[in-house]
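# Structural features, examined
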Amino acid sequence: MSKWTWLSRRRRDQELDEEIQAHLAMAARDRIERGDTPQAAELAVRREFGNRTVVQEVTREMWGWSSLERLWQDIRYALRTMRRSPGFTAVAVLSLALGIGANTAIFSLIDTLMLRSLPVREPGQLVDLLNTYPGDPRLNVYSFDAYQYMRDRNQVFSGLIACSPARLSVRGEGLEAAAADGEFVDGNYFRMLGVKPTAGRLIGPEDDGAQAASSAVAVVSWSYWKSRFNLDPAIMGKRIIIDDVPATIAGVAPQGFSGIVLGYRTQVWVTMSTEPAIHHATRHGGVSLMGRLKPGVSMEQARAEMAVLYRQTFDEASLKRDPNWSRVKFDLEPAGAGLSRADPPGGRLRDRFSKPLLFLMAVVGLLLLIACTNVASMLLARAAGRRREMALRISLGAGRLRLVRQVLTESLLLSVTGGLCGVLVAYFGADALVRIIASERSRIEIVVQPDMHMLLFTAGAALLTGVLFGLAPALHAMSAEPASSLRTMGAAGETRLGRLFGRSLVVAQVALSVVLLSAAGLFIRHLSDLRNVNLGFQRDHLLLATLNPARSGYTGEQLSSAYRELLERFVAIPGVRSATLSSGTPISGAAASRFATVEGYQKKAVETRIFVRWVAPRYFETYGTPLLAGRDFTLQDLGAAHLAILNRAMARYYFGDANPVGRRVTLERDDQPFEIAGVVGDAKYIDLREPAPRTIYLCAFQARGVNSHSFSLRTNGDPAVVAGEVRRTVGTVLKTVPVESITTLAAQMDASIVPERLIATLSALFGALGSLLAAIGVYGLLAYTVARRINEIGIRMALGATRGDVIGMVVGDALRMVSIGLGIGVPMALWGRRFAASVMEGLPLASPVPIAFGAVAMIAIAMLAAYVPARRAARVDPMVALRYE
């Protein structure tokens, strides 16, 4: 109701009062003129007129807006009620804010990763083309030749595009060199997506093909246009240098469009058909594909045809060399929310986090349910204390539906306040979740912003919770009997059904909290097992520094010499015990994989590749991997025969218990065999959850060209302390080679188990919150019960009951409720293990410890919550209690 409407209504109320008063005065004068005394005339007129208030109400009903006026009255009354009970209001709002905020935070991440559509034309028609090599996660990676073959021959897509994310160096006239997130795209990219330029034009088919190969065309994003070019429209046609290749800026993409790869905000798009210096990595490293279904073509039809076309891209030589390619599975899935970025070795972003996030959504749903039951029990206890108020209002003429509406208004006002506070909780909570997911191991950029989806979800959650926890006190108000409520006081005024319902709410909180605590114990145990698994190397006190010499201008021989000098300088840094070089670091994936021909070994019908890593001398010493037989590489091996070191898994697979030192191994694409110099222990370089794969180590300084750029330094103390000195040393020896990344091995290991860390951390947090809410529920019910049973407690103590008896009575009530809750919650927790096993493999399902932990923790929490009411009951003075009321 607006201010002017309210003022107008107030004026009309005044006019109505004046009109009624004038009518009564005129009627009284008529009676006086007929001979009645003034007092008799006034009484007779009032009797004839009837109830003045009823007349006013009927008249207002004819004016309209009465429903809004009553709503405003209910809201004002609810606000006064909340202000009179600040403690109750604070606890209720905080409980709801945590429950609604946690749900909103998880939903906002699910919306960003799985539900939010790309800002393109008809995103529902877009599909993601996936393939799965046996033993590998699902990926969207294809050769450029396979893309062209499927693009030109399919009959199910109106368009098929290719893109390849890359880190680019961009510079130009008046533009300092700086790194930018880019994508190599084909000429169909923007046309098929239906994206329109903000300025200039976008990359089109005319920019693709052999004729355009010598002239690179680039498109920049709106945010990049603003940050680097200050929205200057004159950049159209401007020449810039992208990875040392000239390119022309053709246009600016629309605001809000940042590419089609989830977790990757593209700043520059470059044509794929440019000079080999740009697209060599794209051709040989693979491209990601997205298709747009033709109208009327189903997903099943497209999947069947594209699977056939994909298998036709394998030539006989490839299938003969690796028969596993014939077992590759092809699949399609909707891509309206974007392509899920590959993050080896963990797989695609959406595949890694979809199940954990859905599981966490179920967990926070339980948390919100606990919050609702907690607030409902508090409101029910308060409603029992307001029975006389409700009975008095009914006696004075208030309708039962009006009372129900008043109680529901109070509940909804609490939930709306909790929802508004929950938005703040969700904002900071979602940001914390993004920080966990966007680990140091991969350049993931997830932007979670409040939008209409998030606000609608919060509003819906707030309204639903308001109805859920407000229903019980509303029904309680409706069932109030004026006569009995006005006669009775104390515990007698509370019905048996009301007491039973209040206890049932606390039992439900205990049961749900046991489920949350058991889940937290299960996932924390799993995370602890992963962190304490035998890795085959020591993760602590190890600094990792990766260089990027791609555009440094150094030759391979110069880099090899400079890297040897760097190793000497790193060892001389105070606090550094040893230093080495490798083609990759643990849990960053294998540097390469090859088929191996081993001297004296008869090949099987189907062989699998072995993992290949190039390492420098002292690598195994630096990582703490034991040398089991033979010797390590040395710098004196540079001019000698090519050497190799096997891990124990590979040695046993090919040689059994025999000593492999001195035998020979020939790798795919290598004519010259490698002599086995030693055997080392197994180490988990790919996945902490899987056994160590068969691995062969080659000397990095014997490789053709330099393919190892990751330095590892073992330190005496905190490795981060020497990070600055490492950067300065690299800058001194290799002035044009940047340090691409620098981190610790411990941080990299934690980044490899992000889903496990995410679930364990949040399960523990939500379990603790659920337990706190359950404790509040137990405390509130017992405190209310003690207050209502003061008479009974006084009589018991007057008849000889001791303080211990009273404490035992209160604690016994708590134990009974907790025992019933455990009887319900433990079977629920056992059933929930199946759901947890579908989310994450390797959980310790056979162990009873997590459920036992949840049960014991809940009993301890309930006892603590019962302590204060029990002591309060024990301190009751019998004489004061008998005089109560």
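Nothing here was measured: the structure is a model prediction, and the numbers come from that model.

## Looking at the overall build of the protein
Along the protein, the regular secondary structure elements total 27 helices and 24 strands. Scored against the burial criterion, the 885 residues of the protein give a buried share of 50%. The long-range fraction of contacts in the protein, counting pairs at least 24 apart against all pairs at least 6 apart in sequence, stands at 81%.

## Brief notes about a positive patch on the surface
Taken together, the side chains of R76, R80, R83 and R84 make up a positively charged region of the molecular surface. With respect to the helices and strands, R83 occurs in helix α4 (residues 66–84). Given the relative accessible area of 58%, R83 is considered exposed.

## Section: empty space enclosed by the protein
For the coordinates displayed, the defined rule picks out 2 cavities of 30 Å³ or more. Put simply, the second largest cavity is a space of about 50 Å³. Every residue lining the second largest cavity is listed: L782, T785, V786, R789, I793, M809, V810 and D813. Secondary structure elements with two or more residues in the lining of the second largest cavity: α23 (754–788) and α25 (803–839).

## Topic: the pairing of strand β13 (residues 542–547)
Buried residues dominate β13, accounting for 6 of its 6 residues. In this structure, β13 lies alongside strand β23 (residues 710–715), joined through 5 bridges in antiparallel fashion. Paired with L543 across the strands is L713, a residue of β23. By the bridge criterion, 5 bridges tie β13 to strand β24 (residues 739–744) in an arrangement that is antiparallel. Bridged to L544 within β24 is T743.

## Here's the deal with the packing of aromatic side chains
Tallied over the full model, the rule gives 22 aromatic pairs. For the ring pair Y563 and F711, a centre distance of 5.2 Å and an interplane angle of 90° mean the geometry is edge-to-face. Residue Y563 is located in helix α18 (residues 556–572), and its partner F711 is located in strand β23; the two are separated by 148 residues in the primary sequence. The same class applies to Y563 as to F711, namely buried. Plain terms: the ring middles of F570 and F711 are 5.4 Å apart, the flat faces sit at 85° to each other, and that makes the pair edge-to-face. Here F570, found in helix α18, pairs with F711, found in strand β23; they are 141 residues apart in sequence, far enough to count as distant.

## Here's the deal with unusual backbone geometry
In this structure, L231 is a non-glycine residue whose phi angle is positive, near 60°. Structurally, the position occupied by L231 is in the loop between α8 (222–229) and β6 (239–242). Take L231: its relative accessible area is 33%, and that puts it in the partly exposed class. Backbone geometry at R618 places phi at a positive 70°, although glycine is not the residue there.

## A short note on helix α6 (residues 144–153)
Taken together, the buried positions of α6 are F144, A146, Y147 and M150. The buried side chains of α6 occupy one side of the element, clustering within an arc of 155° when seen end-on. Away from its buried face, by an angle of more than 90 degrees, α6 presents the exposed residues D145 and D152.

## Description of a negative patch on the surface
Together, E15, D17, E18 and E19 give the surface a local cluster of negative charge. Looking at where E18 falls in the secondary structure, it is placed in helix α1 (residues 3–33). With relative accessibility at 54%, the residue E18 sits in the exposed group.

## Points about a nonpolar patch on the surface
A cluster of nonpolar side chains, namely V416, L420 and L463, defines an oily patch on the protein surface of about 270 Å² accessible area. Topologically, L463 is positioned in helix α15 (residues 452–478). Judged by its relative accessible area of 46%, L463 is partly exposed.

## A closer look at the environment of A302
Tracing the chain through its elements places A302 in helix α10 (residues 299–312). Note on A302: relative accessible area 0%, which makes it buried. As for A302 and N154, which are separated by 148 residues in sequence, their C-alpha atoms are 8.8 Å apart. Setting aside residues up to four positions removed in sequence, A302 forms contacts with V156, F157, L293, V297 and L332.

## Here we look at the side chain of T715
Here T715 lies in strand β23. A polar contact of 2.8 Å, which involves the side chain of T715, links it to the backbone oxygen of G717. Those residues in contact with T715 that sit more than four places away from it in its chain are H541, G575, V576, R577 and V722.

## Observations concerning the packing of α25 against helix α26 (residues 849–874)
In the contact formed by α25 and α26, the axes pass within 9 Å of each other and the chain directions differ by 155°. Relative to α26, the element α25 lies roughly antiparallel. Crossing of α25 over α26 shows right-handed handedness.

## Description of the confidence of the model for the protein
Per-chain confidence: the protein averages 80 in pLDDT, with 84% of residues scoring 70 or above. Ranking the elements of the protein by mean pLDDT puts helix α9 (residues 276–285) last, at 47, and β23 first, at 94. For residues 1–7, every residue scores under 50 in pLDDT, and the model assigns this stretch 3 contacts once sequence neighbours within four places are set aside. Counting interchain partners and residues more than four positions distant, the pLDDT-below-50 stretch residues 489–493 has 9 contacts.

## A few points about the packing of α18 against helix α21 (residues 723–733)
Relative orientation of the contacting elements α18 and α21 amounts to 145°, with a least axis distance of 10 Å. Taken as a pair, α18 and α21 cross one another with a handedness that is right-handed. Contact with α18, carried on its side by A562, E565, L566, R569 and F570, involves V726, T729, V730, T732 and V733 of α21 and no other residues of that element. Residue composition of the contact of α18 with α21, by class: 6 nonpolar, 2 polar and 2 charged.

Here is what the cut-offs are and how they apply
Residues numbered from 1 in each chain as written. Predicted model: local features only at pLDDT ≥ 70, side-chain atom pairs only at ≥ 80, totals over all residues. Heavy atoms only, no water. Helix = DSSP H or I, 4+ residues; strand = E, 2+ residues; numbered from the N terminus. Buried < 20%, exposed > 50% of the residue type's maximum accessible area, 1.4 Å probe, protein only. Contact = heavy atoms within 4.5 Å. Patch = residues over 30% accessible without salt bridge, like charges linked within 9 Å, V, L, I, M, F, W, Y side chains within 5 Å. Areas by Shrake-Rupley, 256 points an atom, 1.4 Å probe, with all protein chains shown as cover. Salt bridge = Lys/Arg side-chain N within 4 Å of Asp/Glu carboxyl O. Lys, Arg positive; Asp, Glu negative; His and termini not counted. Charge placed at Lys NZ, Arg CZ, Asp CG, Glu CD. 1 Å grid on protein atoms, 1.4 Å probe; cavity = no way out; pocket = protein on both sides within 12 Å on 5 of 7 lines; lining within 4 Å. Points joined across faces, edges and corners; volume = space filled by probe spheres on them. Pairing = 2+ DSSP bridges. Phe/Tyr/Trp six-rings, centres within 6.5 Å; stacked < 30°, edge-to-face > 60°. Arc of directions from axis to C-beta. Polar contact = N/O pair within 3.5 Å; in protein donor to acceptor, adjacent residues only side chain to side chain. Axes fitted to C-alpha atoms, helices over the stretch in contact; angles between N-to-C directions. Parallel < 35°, antiparallel > 145°, perpendicular 65-115°, else oblique. Left-handed = near helix turned anticlockwise from the far one by under 90°. pLDDT = per-residue confidence, 0-100. Nonpolar A, V, L, I, M, F, W, Y, C, P; charged D, E, K, R; others polar.

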